[in-house]
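# Inside the fold
What follows is the residue order along each chain.
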Amino acid sequence: MAIAKHRPSRIVINETAIYQNIVNEKARLTDGTDLFMVVKANAYGHGLIQVAAIAVRAGATGFCVAVLDEALALREAGFTQPILVLGITESQNAALLAINHISATVCSLAWLKNASLFLDAAHVKLPLAVHLGLDTGMGRIGFQTPTKLSLALAYLKTTKQFKFEGIFTHFSKADSTETGYFEKQLKRWCAFMTVVTNRPKYVHVSNTATSLWHDTCNGNLIRFGVGGYGLNPSGVDLEAPFVLQPAMRLESRTVFVKLLKAGQSVSYGATYTAQEDEWVATVPIGYADGYRRQLQGFHVLVDGHFCEIIGRICMDQLMIRLPRQYSVGTLVTLVGKDHGQSISLQAIADYCGTIHYEIACGFTDRLPRVYQN
Ligand SMILES: *Cc1c(COP(=O)(O)O)cnc(C)c1O
C-alpha cells in the first residue's frame with residue numbers, strides 16, 4: 001500500500017512513552033527475569049522496526065512475533081536478539097527458522113518429526129530452538145495433556161536437531177476481576193510442569209495482564225505486549241500498578257471548510273441533515289486508513305473542542321461539525337490530547353464495541369508513522 005506522505009493525516013508515536021513503559025515494567029521484575037517485547041502486527045500498529053529499537057534501548061532482551069515473516073524482518077533490520085514466533089510456523093519452514101536463529105512455538109510431537117525431515121533435507125546443522133506451548137485453558141494452540149508433552153520431551157532428548165529452549169502457556173482471563181478461571185489454568189500449568197525434569201532456559205506464562213496482576217508462577221520471561229504501548233489490557237476493569245503512557249497519537253488537518261445551510265445533508269445516504277446553518281470541515285482520513293466506519297457520531301478534537309463526526313465515514317474522508325469557522329489546515333486530533341482534552345483508543349474501541357488492540361493494529365499502512373521523543 002502506498003504511504004500517503006502528501007496528506008496531513010498521520011500517526012505520531014511517542015518514543016519516550018514506549019521506552020518508559022518498558023523501563024517501569026522492568027523495574028517490577030525480579031532479577032534474572034527477561035522481558036521480550038511483543039512486536040507482532042507491526043508492533044500493534046506502532047511500527048515494527050522502530051519499536052524494536054526503542055525496546056532494546058529500554059532493556060528488552062528479545063522479541064515475540066506472531067509469524068515467521070515478522071521475525072525475518074527483524075533479522076533483516078539487523079536485530080540479533082532472540083526472537084520467538086508465538087504462532088505455529090509450518091514445519092516446512094524449519095530450516096528457515098534454524099538458519100536465522102528464530103525460535104519456534106511447538107505444540108505437537110508430529111510437528112517435531114516433520115520438521116526433523118525438513119531440517120535433514122536442507123542439511124541444516126544448527127539446532128532449531130523450540131518453545132513448547134501448553135494449552136492450559138486458552139483452547140487455541142498447545143499440548144493438551146502432560147502425557148503428550150512428556151512424549152515430545154522424550155523425543156527431544158533423542159535428537160540434536162532441536163534445542164529445548166523454552167516452555168510456556170497463555171492465560172485467557174488474566175485481565176479479569178474474576179480470577180477463578182486463571183486459578184484453574186494455573187493448576188493445569190503446575191500439573192504439566194511436573195513432567196518437565198530438565199528446565200529449559202525460558203519458562204514463561206506472562207503476557208502484560210498476567211505480569212501486572214498475577215504471580216508469574218516461577219517464570220523467568222515476560223512477553224510484554226500491549227502495556228509497552230501504554231494500553232491497559234483490562235480496558236478499565238483493573239488498575240495497572242504503574243501509569244501506562246499511551247504512545248499512539250492520530251492527527252490530521254482540515255482540508256475543506258464550508259457553511260452548511262439548514263436542510264443540507266452530508267455524505268453517502270444523506271444520513272445527516274443540518275438543523276441550522278453550521279460550519280463543517282472535511283478531514284482526509286477514512287475507513288481505508290483503519291478509522292472505522294462505525295465511528296459516525298463519535299468525535300474528534302479541534303482547538304480543544306469535541307466535534308461530532310457527521311454523516312457516513314467514507315473510505316478516505318470524513319466530515320465534522322465545527323463550533324465556529326476554522327481555516328483550512330486546522331489541526332484535528334483523532335487520538336490523543338489537544339488543549340487539555342483527550343481521546344483515547346479505549347474510547348474509540350468502546351464506541352465500536354471492541355478492544356483497543358483491534359483499533360491500534362487496524363490502522364493501515366497508508367497512514368505514515370512519525371516518531372517523536
Ligand atoms: C499477543 C500475545 C502476547 C502479548 O499479549 P499482551 O496482552 O499484548 O501483553 C503474549 N503471549 C502470547 C502467546 C500472545 O499471543
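Our subject is the structure that appears above.
Residues numbered from 1 in each chain as written. Predicted model: local features only at pLDDT ≥ 70, side-chain atom pairs only at ≥ 80, totals over all residues. Heavy atoms only, no water.

### Comments concerning the overall build of the chain
- The number of helices and strands found in the chain is 11 helices and 20 strands.
- On the principal axes, the C-alpha backbone points of the chain span a range of 80 × 45 × 40 Å.
- Considering the chain as a whole, with its 373 residues, one finds that 54% of them fall into the buried category.
- With an accessible surface of roughly 16500 Å², the chain has 52% of that area assigned to carbon and sulfur atoms.
- Charged side chains of the chain number 34 positive and 29 negative; the gap between the two group centres comes to 5 Å. (Helix = DSSP H or I, 4+ residues; strand = E, 2+ residues; numbered from the N terminus. Buried < 20%, exposed > 50% of the residue type's maximum accessible area, 1.4 Å probe, protein only. Areas by Shrake-Rupley, 256 points an atom, 1.4 Å probe, with all protein chains shown as cover. Lys, Arg positive; Asp, Glu negative; His and termini not counted. Charge placed at Lys NZ, Arg CZ, Asp CG, Glu CD.)

### A few points about the site of the ligand
- Near the ligand, the surroundings consist of Val38, Lys40, Tyr44, Leu86, Arg140, His170, Asn207, Thr208, Arg223, Gly225, Val226 and Tyr357.
- Separating a nitrogen atom of the ligand from a side-chain N or O atom of arginine 223 is a distance of 2.7 Å.
- Glycine 225 is positioned such that a nitrogen or oxygen atom in its backbone is 3.2 Å from an oxygen atom of the ligand.
- When its residues are assigned to classes, the shell around the ligand shows 5 nonpolar, 4 polar and 3 charged. (Near = heavy atom within 4 Å. Polar contact = N/O pair within 3.5 Å; in protein donor to acceptor, adjacent residues only side chain to side chain. Nonpolar A, V, L, I, M, F, W, Y, C, P; charged D, E, K, R; others polar.)

### Remarks on the nonpolar core
- Of all hydrophobic cores here, the largest spans 112 residues; its most connected members are Met37, Val39, Leu132, Phe162, Ile167, Tyr291 and Ile320.
- The leading source of residues in this core is helix H3 (residues 48–58), at 6 residues.
- Residue assignment places this core across two domains, with domain 1 (15–229) and domain 2 (248–343) each supplying three or more.
- If you look at the next biggest cluster of nonpolar residues, it comprises 7 residues, including Leu260, Val266, Ala274 and Val280. (Core = buried A, V, L, I, M, F, W, Y, C linked by side-chain atoms within 4.5 Å. Domains from an automatic or database assignment.)

### Examining the packing of helix H1 (residues 15–28) against H3
- Where H1 contacts H3, the two axes come as close as 9 Å, and the packing angle between them is 40°. It follows from the interaxial angle that H1 and H3 lie oblique. Relative to H3, H1 is oriented so that their crossing is right-handed. Taken together, the residues of H3 that come into contact with H1 (itself represented by Glu15, Ile18, Tyr19, Ile22, Val23 and Lys26) are Val51, Ile54, Ala55, Arg57 and Ala58.
- Broken down by class, the residue content of the contact of H1 with H3 amounts to 8 nonpolar, no polar and 3 charged. (Axes fitted to C-alpha atoms, helices over the stretch in contact; angles between N-to-C directions. Parallel < 35°, antiparallel > 145°, perpendicular 65-115°, else oblique. Left-handed = near helix turned anticlockwise from the far one by under 90°. Contact = heavy atoms within 4.5 Å.)

### With respect to the pairing of strand E17 (residues 318–322)
- For E17, the tally of buried residues reaches 4 of 5 residues, placing the bulk of the element in the interior.
- In this structure, strand E14 (residues 278–283) lies alongside E17, joined through 5 bridges in antiparallel fashion. If you follow threonine 282 over to E17, its bridge partner there is methionine 319.
- When strand E16 (residues 305–310) meets E17, the two strands line up antiparallel, connected through 2 bridges. Along E17, the bridge assignment pairs isoleucine 310 with methionine 319. (Pairing = 2+ DSSP bridges.)

### Examining the environment of isoleucine 49
- Tracing the chain through its elements places isoleucine 49 in helix H3.
- Here the alpha-carbon distance between isoleucine 49 and glutamate 70, two residues 21 residues apart in the chain, equals 9.8 Å.
- Setting aside anything within four residues of it in sequence, one finds isoleucine 49 in contact with Ala73, Leu74, Ala77 and Phe79.

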